[in-house]
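# Close look at the chain arrangement
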Amino acid sequence: MKPTGPIPSGFSTIDGELAIAGRPVSSLVQEAGGTPLFVYSEEMIEQRIAALRSAMPARIEINYAIKANSFPPVLSSISNLVDGMDIASGGELEMVQSLGYDMDRVSFAGPGKRDSELEAAIAAGVTLNLESENEATRAVKIAERVGTRPKLAIRVNPDFDLKGSGMKMGGGPKPFGIDAVRVPALARDLANAGCDWRGLHIFTGSQALSADAVIEMQAEVLDLAFRICDEAGVDLPKLNMGGGFGIPYFAGDEPLDIAAVGVALEDKLRGLKDKYQKTRFFIELGRFLVGEAGVYLTQIVDRKVSHGETYLVTDGGLHHQLAASGNFGTVVRRNYPVAIASRFGAPPVETANIVGCLCTPLDRLADKVEVPQAEIGDIVAVFCAGAYGASASPSEFLGHGPAREMLV
Ligand SMILES: *Cc1c(COP(=O)(O)O)cnc(C)c1O
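Residues numbered from 1 in each chain as written. Predicted model: local features only at pLDDT ≥ 70, side-chain atom pairs only at ≥ 80, totals over all residues. Heavy atoms only, no water.

To continue, consider the side chain of Lys113. By secondary structure assignment, the location of Lys113 is in the loop between strand 7 (106-108) and helix 5 (115-124). A polar contact of 2.9 Å, which involves the side chain of Lys113, links it to the backbone oxygen of Asn129. Once residues lying within four places of it in the same chain are set aside, the contact partners of Lys113 are Phe108, Leu118, Leu128, Asn129, Leu130, Glu131, Glu135 and Arg138. (Helix = DSSP H or I, 4+ residues; strand = E, 2+ residues; numbered from the N terminus. Polar contact = N/O pair within 3.5 Å; in protein donor to acceptor, adjacent residues only side chain to side chain. Contact = heavy atoms within 4.5 Å.)

See the structure below:
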């Protein structure tokens, strides 16, 4: 037997079935037209953002990194709840444009921006988080051609990272951002060149559950940003401090203590130099806002035994839920929270492996988990599927196509 991660709170049971937003999964599946299906709860997203706002200092603004989940109804709903959106491609730019969103609230990070993407973003009035000196030169040239004053910020590659984070995005050689020592010179050049200087972006990592690690990282980010702007002699209109707030996926994971993070940040922001009194401070989050609000539902199509082990074979798999299969940035595969949704809360009677329908041994949704007796037709729920599920899985692999998605 292997443990599963903790099922997020906010779900209920109706007639022995898992219910999302007060609706049993069978009715959701029926409405959607079948499985596999991602269901996202609007109320859970709203509650999460409200809780975050009440924990953070009032002057901290919240950006949503849309790569976590860009399902249009989710994007539309969340756009009314956050202060800005972070995009990372020309495709994501089109997504926020189609919402009719205020482009002054959008920033565009990501290495390898093509000229066509830079041009579209500059023309739209999006802030570019510049990832290299070359990109800065190209952006300035494109803006001259387009005849616009570009909104430019610099993404800094800091000399530190987010301790204990699942994915490190700073510290040492990285394809992201510009090494901190070279940033003051570039910031000065951009300000002198008459660009619309928007400040700095410092993102150090993802999926941290330790409040101490986040607190330390935020203090380092603030100190670095002030040091750079002092040295460059430029002001700091905006500081995107990154995010990295994690969610519990695995057995033993404890939720991040956002209250502790908020208190420490409030403290750190007290007594800012005059120069930084007007700075707008942002955190940018993806999974923390939407991850626990999503459930992936898939149906059991076969039940078999091999060498004494029971396999529940579903119509879903890693082509929709790559992360749950353990193939998206994990070193050791561990079980996400999973349940037999159509027998939710029933006592476990056996140990089973829950797998997907792809013809590869990588396609595992849960290893050796304790489950109630489950038969063909039963529905399996994989929790924590609201972020990096549909948006980060190879849905074309083996030709099964994408899952259905719905916001309730
Ligand atoms: C992916 C990404 C995020 C969001 O990360 P989460 O772990 O989902 O919060 C934020 N900022 C940048 C620059 C990113 O690349």
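Let us keep going from here.
Moving on, we get to the packing of helix 5 against helix 6 (residues 133-146). Remark: helix 5 packs on helix 6, axes separated minimally by 9 Å, with the N-to-C direction vectors making an angle of 55°. Between helix 5 and helix 6, the angle is such that the two are oblique. The handedness of the crossing between helix 5 and helix 6 comes out as right-handed. Judged by residue contacts, Asp115, Leu118, Glu119, Ile122 and Ala123 of helix 5 engage Glu135, Arg138, Ala139, Ile142, Ala143, Arg145 and Val146 from helix 6. Considered class by class, the residues forming the contact of helix 5 with helix 6 number seven nonpolar, no polar and five charged. (Axes fitted to C-alpha atoms, helices over the stretch in contact; angles between N-to-C directions. Parallel < 35°, antiparallel > 145°, perpendicular 65-115°, else oblique. Left-handed = near helix turned anticlockwise from the far one by under 90°. Nonpolar A, V, L, I, M, F, W, Y, C, P; charged D, E, K, R; others polar.)

With that settled, consider the domain arrangement of the protein chain. In terms of domain boundaries, the protein chain breaks down into domain 1 (12-40 + 293-407) and domain 2 (70-285). Relative placement of domain 1 and domain 2: their C-alpha centres are 34 Å apart. Domain 1 puts 12 residues into the contact, and the matching count from domain 2 is nine residues. When the two sides are added together, the surface that domain 1 and domain 2 hide from each other amounts to roughly 990 Å², 71% of it contributed by carbon and sulfur. Interface area lost by domain 1 to domain 2 is led by Arg334, Cys384 and Leu407, which between them contribute 41%. The tally of links from domain 1 across to domain 2 stands at zero salt bridges. The tally of links between domain 1 and domain 2 comes to zero residue pairs in polar contact (both at pLDDT 80 or more). Take the side of domain 1 that touches domain 2: its biggest share by element is three residues, from strand 22 (residues 404-407). Considering only residue class, the side of domain 1 that touches domain 2 consists of seven nonpolar, three polar and two charged. (Domains from an automatic or database assignment. Buried area = accessible area lost by both parts, 1.4 Å probe. Salt bridge = Lys/Arg side-chain N within 4 Å of Asp/Glu carboxyl O.)

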